[in-house]
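# Notes for the structure review
One letter stands for each residue in the lines below.
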Amino acid sequence: MTEPRDTPFDPAAIEDRHGSGGVRRRPVTIVRAEGSRLFDAHGKRYVDCAAAHGWAALGHGHPTVTDAIRAQAGTLVMHTESAPNDTRARWFAALVNFLRADFPPNDQGVLSRIQPANSGAEAVEAALKFARYHTGRVEFVSFARGFHGRTFGALSATASGARRETFAPLVPGFVHVPFDDLAAVERAVGDRTAGVVVEIIQGEGGVHEGSTPFLQGLQRCCRERGALLIVDEIQTGFCRTGRRFASAWHEVAPDVIVLGKALGGGIPMGAAVWRDGLGTFESGFHGSTFAGAPLACAASLATMDVLQRERLADRAARLGTALLADLRALEAPIIRAVRGRGLMIGIELKQKVGPILAQLMDRGVWALPAGLNVLRLLPPLTIPEDDLAFALTAIRETLAQ
Ligand SMILES: *Cc1c(COP(=O)(O)O)cnc(C)c1O
């Protein structure tokens, strides 16, 4: 269909006409971003408290990442894992090293076998396949309110009602139990369980953190019964919560860790990483055309480098502690609870969050929902303190009304 000549260019109208409808869209067109700020087509500025759903740990256009992408784009954008590549090899080594600081070796070795993927959901799929392959078992246990992505395997591990039922039948073998309920886990995990899939802090589900006894008990239960502990750190990983990985707060030692979002520095990327003592896939059992693309590896290498050099875990911890205290001090009757760790924060409201998000946008703050009534903040870990203060003021004024 061709446009009449004099129709002005209207991105929102075009996306409305041709989009699948699968994603709810906001009524502004984003054309540019810089650091912790997004700009719409009218030049209006938004402080990004969403970090684009958590991928932008370093904000938008960090020069180190941009330079790495530019350099790799001029050298080799893409070649498959079917042949080794220098950038991918460097990324493998750097990722193993980045993980090692939070996850010391145990009797199953170190987290050092990497299945690259192109998204978080795909990385979850890889972890599920590996767990079935490794254990020879078929069942999985995951948690109420958990979120692991939208492909069939990941959706099967995901618990929230409507999305699942619409697409049934899902992958068989998944059981969901209440989060933070060790007795329920003890009843559900048995000798047919291939793996338990868990988030340390449930993100989409409303920013709920598992307790240390629960997470430690889960680990023990998996170990005793021969199931793999699959920890989904797609949202919590890469310094967001004030440690490199949220597992470290609870001394949890995953058998398989699933990564995404901030991992790729803005280029689509995911990874499932398991302990070398668990072995490998047989050749031909898994893979994907773009998985481990040198361009994504270069962006990820630069991202991990900046996270370490700029000590962004410490910064997230410090800013997060202050922000949580400020939010807890708000005396707005609309607030039911404030939760979180580092720069992953949920404000549970006594009403739906949708209208609050719209008012925040009017005030120039881009935040996220988590479920129906939680306002979620995932700002870049590099956000200037001024921008964070601006966001806090907007939140205070909006919630006070
Ligand atoms: C975002 C997210 C996913 C899915 O990642 P995609 O890249 O969107 O497929 C899975 N698990 C958690 C915890 C997430 O936050």
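### Things to note about the sheet that holds strand β13 (residues 335-341)
Read from one edge of the open sheet, four strands run β13-β14-β17-β16, paired in antiparallel fashion. Two strands close off the open sheet at either side, each with one partner strand: β13 and β16 (368-370). The mean inter-strand angle of the sheet, taken between neighbouring strand axes irrespective of direction, is 25°. Examined bridge by bridge, β16 and strand β17 (residues 374-377) share three bridges and lie antiparallel to one another. By the bridge assignment for β17, Leu 368 is matched with Arg 376. Packed onto the sheet, helix α12 (residues 354-362) meets β14 (344-349), β16 and β17 and runs at close to 40° relative to β17.

### As for the site of the ligand
Neighbouring the ligand are the residues Ser 119, Gly 120, Ala 121, Phe 147, His 148, Gly 149, Glu 199, Asp 232, Ile 234, Gln 235 and Lys 261. Between the ligand and the protein, one listed contact pairs an oxygen atom with a backbone N or O atom of Ala 121 at 2.8 Å. Side-chain polar atom of Lys 261 to an oxygen atom of the ligand: 2.6 Å apart, as the coordinates give it. In isolation the ligand has 380 Å² of accessible area, and contact with the protein removes 82% of it. Across the shell around the ligand, the residue classes tally to three nonpolar, five polar and three charged.

### Some words on the packing of aromatic side chains
Here the structure, examined in full by the defined rule, presents 16 aromatic pairs. Where Tyr 133 meets Phe 281, the ring centres are 5.7 Å apart and the plane angle is 40°; that geometry is what we call tilted. You can see Tyr 133 sitting in helix α5 (residues 120-135) and its partner Phe 281 sitting in the loop between β12 (270-275) and α10 (294-309), a full 148 residues away along the chain. Residue class for Tyr 133 comes out partly exposed when judged on its relative accessible area of 33%. A relative accessible area of 14% places Phe 281 in the buried class.

### Some remarks on the domain arrangement of the protein
Domain boundaries in the protein define domain 1 (11-62 + 311-400) and domain 2 (68-309). Summed over both partners, the interface of domain 1 with domain 2 comes to about 2,200 Å²; 61% of that surface belongs to carbon and sulfur atoms. A per-residue breakdown of the area domain 1 buries against domain 2 is headed by Trp 55, Arg 341 and Met 344, which together make up 32% of the total. Taking the shortest distance from any N to any O, the salt bridge between Arg 376 and Glu 204 comes out at 3.0 Å. Taken together, the links from domain 1 to domain 2 amount to 12 residue pairs in polar contact (both at pLDDT 80 or more). For the side of domain 1 that touches domain 2, the secondary structure elements donating two or more residues are α2 (51-54), α11 (312-328), β13, β14 and β17. With four residues, the single largest contributor to the side of domain 1 that touches domain 2 is α11. Here the residues of the side of domain 1 that touches domain 2 sort into 17 nonpolar, seven polar and four charged.

### Some words on the pairing of strand β5 (residues 139-143)
For β5, the buried fraction is high: four of the five residues fall into the buried class. Taken together, the three bridges between β5 and strand β7 (residues 193-198) define a ladder with parallel strand orientation. What sits directly across from Val 141, in β7, is Val 196.

### Comments concerning the layout of surface pockets
Space inside the second largest pocket adds up to approximately 360 Å³. As for the second largest pocket, its lining consists of 16 residues, and the residues nearest its centre are Glu 81, Arg 113, Ile 114, Gln 115 and Thr 280. When residues of the lining of the second largest pocket are traced back to their parent elements, those giving at least two are α4 (86-100) and β4 (111-117).

### Details of α5
Helical geometry note: an α-helix holds 3.6 residues per turn, so side chains three or four residues apart project in the same direction. Under the 1.5 Å per step criterion, the end-to-end length of α5 is 23 Å for 16 residues, consistent within 8% with the ideal 22 Å. Three or more residues of α5 are buried, namely Gly 120, Ala 121, Ala 123, Val 124, Glu 125, Ala 126, Ala 127, Leu 128, Phe 130, Ala 131 and Thr 135. Regarding α5, its N-cap is Ser 119, as a side-chain oxygen of that residue lies 3.2 Å from the backbone nitrogen of Glu 122 further along. Following α5 by one or two positions, Gly 136 adopts a phi angle in the positive range, close to 70°.

Reading guide: rules and limits
Residues numbered from 1 in each chain as written. Predicted model: local features only at pLDDT ≥ 70, side-chain atom pairs only at ≥ 80, totals over all residues. Heavy atoms only, no water. Pairing = 2+ DSSP bridges. Helix = DSSP H or I, 4+ residues; strand = E, 2+ residues; numbered from the N terminus. Axes fitted to C-alpha atoms, helices over the stretch in contact; angles between N-to-C directions. Contact = heavy atoms within 4.5 Å. Near = heavy atom within 4 Å. Polar contact = N/O pair within 3.5 Å; in protein donor to acceptor, adjacent residues only side chain to side chain. Areas by Shrake-Rupley, 256 points an atom, 1.4 Å probe, with all protein chains shown as cover. Nonpolar A, V, L, I, M, F, W, Y, C, P; charged D, E, K, R; others polar. Phe/Tyr/Trp six-rings, centres within 6.5 Å; stacked < 30°, edge-to-face > 60°. Buried < 20%, exposed > 50% of the residue type's maximum accessible area, 1.4 Å probe, protein only. Domains from an automatic or database assignment. Buried area = accessible area lost by both parts, 1.4 Å probe. Salt bridge = Lys/Arg side-chain N within 4 Å of Asp/Glu carboxyl O. 1 Å grid on protein atoms, 1.4 Å probe; cavity = no way out; pocket = protein on both sides within 12 Å on 5 of 7 lines; lining within 4 Å. Points joined across faces, edges and corners; volume = space filled by probe spheres on them. Expected span 1.5 Å × (residues − 1).

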